[in-house]
Amino acid sequence: MSNQETRSQLSSSSDCLNEVASVQRINARSAEIGGTLTVNRVLPTRQRRMIGAWCFLDHAGPAHFAPGEGMHVGAHPHTCLQTFTWMIEGEVMHRDSLGNEQVLRPGEVNLMTAGRGISHTEDSLPSASGLHAAQLWIALPKTHGHCDPDFTHYPDLPRWTAQGVKHSLLVGSYAGYRSAVQVHSPLLAMDLESTQGAALVLDLDPRFEHGILLLEGELSIGTEVFSENQLAYMGCGHQSLKVHLAPGCRAILLGGEPFTDEILMFWNFVGYSKAEIADAWRDWNAGDARFGRVTGYQGEPLQAPALPWRA
Ligand code: MN
């Protein structure tokens with residue numbers, strides 16, 4: 001997906017301090033990403049920029065499409081990040097400048113590593129009557145920021161039921177399970193789903209900061225109730241956390257070691273300096289070979305908006 005916010009501001013990972021001891025509540029805002037679809041954007045916000053290397057959280061849907069509607073995101077670039085897409089409902093065709101064409105279906109993950117530069121498109125299949133997905137961005141640590149671009153499709157993830165909750169381990173390790181999804185810093189992502197409602201004790205890594213992104217229904221932590229499109233953020237130092245999932249609750253637990261490299265985000269670019277962001281901006285708008293070409297889709301590439309400073 002593409003960040004289309006016109007008032008896109010340069011933001012720094014050090015804008016927020018990591019001193020929050022209790023649970024911080026963050027409300028999503030709506031953002032346009034292309035086609036007829038509006039998503040709920042949970043990070044970054046002024047109150048919080050990141051959870052570990054997770055630097056951008058979009059929740060798309062659940063949405064139903066009239067005939068001819070759907071998500072259509074034209075060719076756009078990324079740098080120094082991975083896009084992580086978790087499909088709950090719907091089918092989306094991913095095409096990228098490496099020549100990959102991959103339909104993403106429910107229960108599957110697409111992971112695209114931008115490294116020094118990649119471009120891609122995302123289109124709902126004409127047969128898709130709706131969409132429910134999370135697209136999350138992972139900042140690459142500076143040591144890997146300019147690695148070769150890559151794309152990997154993960155059709156099978158560890159799944160189990162415990163304490164009345166369906167678990168799908170998306171990234172990292174949990175309860176003896178391990179996800180094959182290849183990331184470059186210590187991270188966790190786990191989908192939790194309860195049809196009947198459940199009390200669940202989560203085992204947390206105290207070195208990680210954590211967030212719980214509510215996709216559907218309600219979840220409580222102590223007396224605090226969180227609902228759809230809210231994020232409950234907890235700082236480091238927690239060994240476990242008791243949560244109550246209301247019937248029909250679906251949420252993603254995210255975690256990671258606090259990210260220590262300073263990053264800047266602008267439009268669809270992550271970089272480690274303004275000069276890097278300006279280079280990527282110039283290269284994309286000039287059609288430089290760095291971002292390759294996506295073939296096999298209809299439509300014009302997206303233009304990067306003006307930089308928010310004089311380059
Ligand atoms: Mn994208």
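Residues numbered from 1 in each chain as written. Predicted model: local features only at pLDDT ≥ 70, side-chain atom pairs only at ≥ 80, totals over all residues. Heavy atoms only, no water.

### Looking at the environment of Arg 105
So, point 1. Among the secondary structure elements, Arg 105 is positioned in the loop between β9 (101–104) and β10 (109–113).
So, point 2. Given the relative accessible area of 41%, Arg 105 is considered partly exposed.
So, point 3. Measuring from C-alpha to C-alpha, the distance between Arg 105 and His 59 comes to 16 Å, with 46 residues separating the pair along the chain.
So, point 4. The residues contacting Arg 105, other than those within four sequence positions of it, are Met 87, Gly 90, Glu 91 and Leu 125. (Helix = DSSP H or I, 4+ residues; strand = E, 2+ residues; numbered from the N terminus. Buried < 20%, exposed > 50% of the residue type's maximum accessible area, 1.4 Å probe, protein only. Contact = heavy atoms within 4.5 Å.)

### Some points on the pattern of salt bridges
Pairing is possible between side chains that carry opposite charge, provided their charged atoms lie close to one another.
So, point 1. Using the criterion set out here, one finds ten salt bridges in the structure.
So, point 2. Between Arg 41 and Asp 58 there is a salt bridge, with its nearest N and O atoms 2.7 Å apart. Of this pair, Arg 41 sits in strand β4 (residues 37–43) while Asp 58 sits in strand β5 (residues 54–64), and the two are 17 residues apart along the sequence.
So, point 3. Take Arg 41: its relative accessible area is 0%, and that puts it in the buried class.
So, point 4. Asp 283 is paired through a salt bridge with Arg 290; the nearest N and O atoms lie 2.9 Å apart.
So, point 5. Several salt bridges share partner residues, and in doing so they unite Asp 191, Glu 193 and Arg 250 into one network. (Salt bridge = Lys/Arg side-chain N within 4 Å of Asp/Glu carboxyl O.)

### What to know about the packing of aromatic side chains
So, point 1. Applying the stated rule across the entire model yields eight aromatic pairs.
So, point 2. On the basis of an interplanar angle of 80° and a centroid distance of 5.7 Å, the ring pair of Trp 54 and Phe 84 is categorised as edge-to-face. One end of the pair, Trp 54, is in strand β5; the other, Phe 84, is in strand β7 (residues 81–89), and 30 residues separate them in sequence.
So, point 3. Among the residues examined, Trp 54 registers a relative accessible area of 0% and is labelled buried.
So, point 4. Ring geometry for Phe 269 against Phe 291: centres 6.2 Å apart, planes inclined by 40°, an arrangement best described as tilted. Highlighted residues: Phe 269 in strand β27 (residues 269–271) and Phe 291 in the segment after α1 (274–285), separated in sequence by 22 residues.
So, point 5. Taken together, the ring pairs connect Trp 267, Phe 269, Trp 284 and Phe 291 into an aromatic cluster.
So, point 6. In this arrangement the basic side chain of Arg 25 is found over the ring face of Phe 226, its NZ or CZ atom lying 4.3 Å from the centre.
So, point 7. Directly above the aromatic system of Tyr 233 lies the positively charged group of Arg 48, at a separation of 3.5 Å from the ring centroid. (Phe/Tyr/Trp six-rings, centres within 6.5 Å; stacked < 30°, edge-to-face > 60°. Lys NZ or Arg CZ within 6 Å of the ring centre and 35° of its normal.)

### A short note on empty space enclosed by the protein
So, point 1. Tallied over the entire structure, the rule returns one cavity of 30 Å³ or more.
So, point 2. Its volume calculated, the largest cavity comes out at about 100 Å³.
So, point 3. Lining the largest cavity we find 17 residues, and of these Thr 85, His 94, Asn 110, Glu 122 and Gln 135 sit closest to its centre.
So, point 4. When its residues are assigned to classes, the lining of the largest cavity shows ten nonpolar, six polar and one charged. (1 Å grid on protein atoms, 1.4 Å probe; cavity = no way out; pocket = protein on both sides within 12 Å on 5 of 7 lines; lining within 4 Å. Points joined across faces, edges and corners; volume = space filled by probe spheres on them. Nonpolar A, V, L, I, M, F, W, Y, C, P; charged D, E, K, R; others polar.)

### Comments concerning the sheet that holds strand β21 (residues 218–221)
So, point 1. Pairing within the open sheet is antiparallel, and its four strands lie in the order β19-β24-β21-β22. The open sheet is flanked by β19 (198–203) and β22 (224–227), the only strands paired with a single partner. In this sheet, adjacent strand axes meet at a mean angle of 30° when their direction is disregarded.
So, point 2. The pairing of β19 with strand β24 (residues 240–245) spans six bridges and is classified as antiparallel. Looking at β24, one finds that Ala 199 is bridged to His 244. (Pairing = 2+ DSSP bridges. Axes fitted to C-alpha atoms, helices over the stretch in contact; angles between N-to-C directions.)

### Regarding the pairing of strand β11 (residues 118–124)
So, point 1. In terms of burial, β11 is a largely internal element, seven of the seven residues being buried.
So, point 2. Here β11 shows a buried face lined by Ile 118, His 120, Glu 122 and Ser 124 and a second buried face lined by Ser 119, Thr 121 and Asp 123.
So, point 3. With five bridges joining them, strand β6 (residues 72–78) and β11 adopt antiparallel strand pairing. Looking at the pairing, Pro 77 lines up with Ser 119 of β11.
So, point 4. With five bridges connecting them, strand β8 (residues 92–96) and β11 associate as antiparallel partners. Each bridged residue has a counterpart across the sheet, and for Arg 95 the counterpart in β11 is Thr 121.

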